[in-house]
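What follows is each chain in one-letter form.
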Amino acid sequence: MESQVLYNTFQQEAFGIFIAIYFYLTGLSAGSFILSTLAYGFGMEKFKPIGRIGVVLATVLLVIAPLFLLFHIGMPLRAWHLFTYLNLSSPITWGSFLLILYPINCLIYAYFMFTEKNKLTKIFAFIGLPLAILVHGYTGFILAFGKARALWNTALMPILFLASAIVSGIALMILVYSIKERFFSKSKSINRDLVFSMGKLLAWAIVFDLFLVGCDLIVLSISHADAQAVAHLILFGKFSFLFLLVENFLGKIVPLFLLLIPRFRTLTTVIIASILVIIGIFFMRYVVVLGGEFIPLI
Amino acid sequence: MKKSSNKRLAMLFDLRKCIGCMSCVIACKSENDVPLGVWRSWVKKIEKGRFPDTREYFLPIVCNNCENPICVTVCPVNAGIKRPDGIVYIDPHRCIGCRYCMASCPYGVRYIHPEKKIAEKCFWCHHRVDAGLKPACVLACPTGAILFGDRNDPESEISKAIATNAVQVIKPEMGTSPQTFYIDLDIDTVEAKKEKKE
């Protein structure tokens, strides 16, 4: 029916850029932690040099991340309410405990790793692994509980967030490891085999992430009216540039070719690929959070 | 309606009587001291069709005070509270302004108070209801298009109106079981969307 809106109000933005940054940082943290457990939890010796970088990054990023939550909320001095007035059906309540437990576990894990108590390190790696998955997985539930926003309200959201967390974590690790070895180590040379095997991990993580994004898009574009509208928004509308070009083409497909085609595989291309991935995943968070609430509800 | 003996407040907009005068909006603004730029209630207006076959439609929107409110489910500090009579309100001393209720509400009726920095919304003027009065918008409506009362009392005006008219709620598919009902609700009015202001 031909109709024209004469008067309506505008709703305030619920989750803004700070929440996108928060999701991005917890994702990087969880990804780094998971990668550090490859050596110290699962005993893959070749990943040993990145274990320590991983746990330091995981801890530092998870100390910074909640600061963005404090910037976001209206009453930061009331943040202690989160621990006294519990609502167990709210993902934010789950998160407020995870955000305390996970960094504490990271610190203990790091302490045992740096004092080389291998058995205890392994125990805390396996305690930390579910915590790392939950501390990022719960952010997926935060969005999935927004039941009127079609882009958020999908059971795929927690796993989609975890996949992109691992992707961005591996990429960050490649970058930080290369910088550290090149400029701050005694030998000033990078262990190429390690970087290439991390690159291979990164490539497969990107494939999995692309698969999930594809599943989400296919279902969105044939689902109910709101879902179709949001699929149109990210494919052809205001967010299409960020979603298609920055997030998926530059942030996933280009790095995938750089990593998988043997002719391109040099140290420089792996590092370029990981920089692209780190930028791309930031815009993934941005598109999901801000694109999800772009369409007015009523 | 699980416990039929309990009081369950509800609101009904008879859109056949609504003339889009916005008296309810003004009454709400002054009763609840709602700041500029935010609204607890508003009237969405659309125009349908092509001249001469055209008409304006009005949709007064307040909080639905849902039976199964998602905002209460997700509030991390239990600041969203559903009273036994069905009114959903926010404890202003407990709210931390995290905006999760705003993100999850399917009706977009919540806002952050620009100075208090906490979430607020329509709660059917519970301070007036507790004093035995009707909400401000109900009294302000010049055509008597708004009914308010106990839906579980078969003798109340609203339960008779709900029983004898075809009623509808906004977005029933959300499973929140809204308690603000409409007679003569127009689907185009609900679904018409204006582009978000940049």
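Everything that follows concerns the structure shown earlier in this document.
Let me begin by describing the structure that accompanies this report. (Residues numbered from 1 in each chain as written. Chains lettered and ligands numbered in written order. Predicted model: local features only at pLDDT ≥ 70, side-chain atom pairs only at ≥ 80, totals over all residues. Heavy atoms only, no water.)

## Things to note about the sheet that holds strand β10 (residues 180-183) of chain B
Residue and element names in this part refer to chain B.
At step 1: The 4 strands lie next to each other as β8-β1-β10-β9, forming an open sheet whose pairing is mixed. Strand pairing shows two members of the sheet lacking a second neighbour, β8 (146-150) and β9 (167-168), which therefore form its edges.
At step 2: Sheet topology note: the β9/β10 ladder contains 2 bridges and is antiparallel. Residue pairing across strands places V167 opposite I183, the latter belonging to β10.
At step 3: The strands touched by helix α6 (residues 157-164) are β1 (9-14), β8, β9 and β10; relative to β8, the strand with the most contacts, the crossing angle is about 110°. (Pairing = 2+ DSSP bridges. Helix = DSSP H or I, 4+ residues; strand = E, 2+ residues; numbered from the N terminus. Contact = heavy atoms within 4.5 Å. Axes fitted to C-alpha atoms, helices over the stretch in contact; angles between N-to-C directions.)

## Considerations on the nonpolar core
At step 1: Formed by 121 residues in total, the largest nonpolar core has its most connected members in F15, Y102, L143, M198 and L202 of chain A.
At step 2: For M198 of chain A, the contacting residues outside a window of four places in its chain are L35, F47, I50, I170, M173, I174 and Y177 of chain A.
At step 3: I298 of chain A together with L15, F123 and Y182 of chain B belong to the second-largest nonpolar core, a separate cluster that totals 37 residues. (Core = buried A, V, L, I, M, F, W, Y, C linked by side-chain atoms within 4.5 Å. Buried < 20%, exposed > 50% of the residue type's maximum accessible area, 1.4 Å probe, protein only.)

## Some details on the packing of aromatic side chains
Residues and elements named next belong to chain A.
At step 1: Counted according to the given criterion, the structure contains 22 aromatic pairs over all chains.
At step 2: Summarising the aromatic geometry, the rings of F23 and F161 are spaced 5.4 Å apart at their centres and angled 70° between planes, so their arrangement reads as edge-to-face. Of this pair, F23 sits in helix α1 (residues 17-40) while F161 sits in helix α6 (residues 157-184), placing them 138 residues apart in sequence. Summarising the burial analysis for this pair, F23 and F161 share the class buried.
At step 3: Taken together, Y24, F239, F282, F283, Y286 and F294 form an aromatic cluster joined through their ring pairs. (Phe/Tyr/Trp six-rings, centres within 6.5 Å; stacked < 30°, edge-to-face > 60°.)

## Examining a nonpolar patch on the surface
All names here are of chain A.
At step 1: Where nonpolar side chains cluster on the molecular surface, the patch consists of W204, V207, F241, L245, F249, L250, I253, F257, L260, I261 and F264 and spans about 960 Å² of accessible area.
At step 2: Of all elements in the fold, only α7 (192-222) and α9 (240-260) reach the threshold of two or more residues within the nonpolar patch.
At step 3: Ranked by the residues each element gives to the nonpolar patch, the list is headed by α9, at 7 residues.
At step 4: The class for W204 is exposed, based on a relative accessible area of 54%. (Patch = residues over 30% accessible without salt bridge, like charges linked within 9 Å, V, L, I, M, F, W, Y side chains within 5 Å. Areas by Shrake-Rupley, 256 points an atom, 1.4 Å probe, with all protein chains shown as cover. Salt bridge = Lys/Arg side-chain N within 4 Å of Asp/Glu carboxyl O.)

## A short note on the interface of chain B and chain A
At step 1: The interface of chain B with chain A comprises 57 residues on the first partner and 46 residues on the second.
At step 2: Summing both sides of the interface, chain B and chain A together bury roughly 4800 Å²; the carbon and sulfur share of this comes to 58%.
At step 3: Here chain B and chain A share 27 residue pairs in polar contact (both at pLDDT 80 or more) between them.
At step 4: Only β2 (42-50), β3 (53-61), α2 (70-74), α3 (100-104), β6 (111-112) and α7 (187-191) of chain B provide two or more residues apiece to the side of chain B that touches chain A.
At step 5: A per-element tally of the side of chain B that touches chain A places β2 of chain B first, with 9 residues.
At step 6: Looking at the side of chain B that touches chain A residue by residue, the class counts come to 30 nonpolar, 9 polar and 18 charged.
At step 7: One ladder, built from 4 bridges, connects strand β1 (residues 3-7) of chain A with β2 of chain B; its direction is antiparallel. By the bridge assignment, Q4 of chain A is partnered in β2 of chain B with E47 of chain B. (Buried area = accessible area lost by both parts, 1.4 Å probe. Polar contact = N/O pair within 3.5 Å; in protein donor to acceptor, adjacent residues only side chain to side chain. Nonpolar A, V, L, I, M, F, W, Y, C, P; charged D, E, K, R; others polar.)

## Some details on helix α1 (residues 23-32) of chain B
Residue and element names in this part refer to chain B.
At step 1: Within α1 the residues assigned to the buried category are C24, V25, A27, C28 and N32. Along the long axis of α1, the arc covered by the buried residues comes to 165°, so they all point the same way. The exposed set on the far side of α1, more than 90 degrees from its buried face, consists of I26 and S30.
At step 2: Taken together, the buried residues of α1 touch β2, α4 (126-130), α5 (136-140) and β8.
At step 3: Residue D33 follows α1 closely and has a positive phi angle near 55°. (Arc of directions from axis to C-beta.)

## Some words on the layout of surface pockets
At step 1: A volume near 640 Å³ is recorded for the largest pocket.
At step 2: Around the largest pocket, the lining comprises 31 residues; the ones closest to its centre are H224, A225 and D226 of chain A together with E173 and M174 of chain B.
At step 3: At the level of elements, α7 and α8 (225-235) of chain A together with α7 of chain B are the ones that each hand at least two residues to the lining of the largest pocket.
At step 4: Broken down by class, the residue content of the lining of the largest pocket amounts to 17 nonpolar, 5 polar and 9 charged.
At step 5: Each pocket or cavity is described by its volume, and for the second largest pocket that value is around 410 Å³.
At step 6: For the lining of the second largest pocket, the secondary structure elements donating two or more residues are α1, α2 (48-72), α3 (81-84), α4 (91-114) and α5 (118-144) of chain A.
At step 7: Counting residues per element, the lining of the second largest pocket draws most heavily on α4 of chain A, at 5 residues.
At step 8: In the lining of the second largest pocket, the residues fall into 18 nonpolar, 3 polar and no charged. (1 Å grid on protein atoms, 1.4 Å probe; cavity = no way out; pocket = protein on both sides within 12 Å on 5 of 7 lines; lining within 4 Å. Points joined across faces, edges and corners; volume = space filled by probe spheres on them.)

## Details of the packing of α1 of chain A against α5 of chain A
For any two helices packed against each other, one specifies the inter-axial angle together with the distance between the axes.
All names here are of chain A.
At step 1: Contact geometry of α1 with α5 gives a least axis separation of 9 Å together with a crossing angle of 155°. By the angle between their directions, the pair α1 and α5 is classed as roughly antiparallel. Between α1 and α5 lies a crossing whose hand is left-handed.
At step 2: For the contact of α1 with α5, the residue count by class is 14 nonpolar, 7 polar and 1 charged. (Parallel < 35°, antiparallel > 145°, perpendicular 65-115°, else oblique. Left-handed = near helix turned anticlockwise from the far one by under 90°.)

## Focus on the packing of α2 of chain A against α4 of chain A
Residues and elements named next belong to chain A.
At step 1: With their axes 10 Å apart at the nearest point, α2 and α4 run at an angle of 155° to one another. Here α4 runs roughly antiparallel to α2, going by the angle between their axes. The two elements α2 and α4 meet at a crossing, and its hand is left-handed. Mapping the contact onto sequence places G51, R52, V55, V56, A58, T59, L62, P66 and L69 in α2 and L99, Y102, P103, C106, L107, Y109, A110, M113 and F114 in α4.

## Section: the pattern of salt bridges
At step 1: This structure, assessed with the given rule, holds 16 salt bridges over all chains.
At step 2: Here K48 of chain A ties to E45 of chain A by a salt bridge, and the two come within 3.8 Å at their closest N and O atoms.
At step 3: What makes K48 of chain A partly exposed here is its relative accessible area of 28%.
At step 4: E67 of chain B is paired through a salt bridge with K82 of chain B; the nearest N and O atoms lie 3.4 Å apart. Of this pair, E67 of chain B sits in the loop between β3 and α2 while K82 of chain B sits in strand β4 (residues 80-82), and the two are 15 residues apart along the sequence.
At step 5: Three or more residues are tied together by salt bridges with common partners; here these are D209, E247 and K252 of chain A.

So, to be careful, I would describe these as geometric facts and stop short of saying anything about function.
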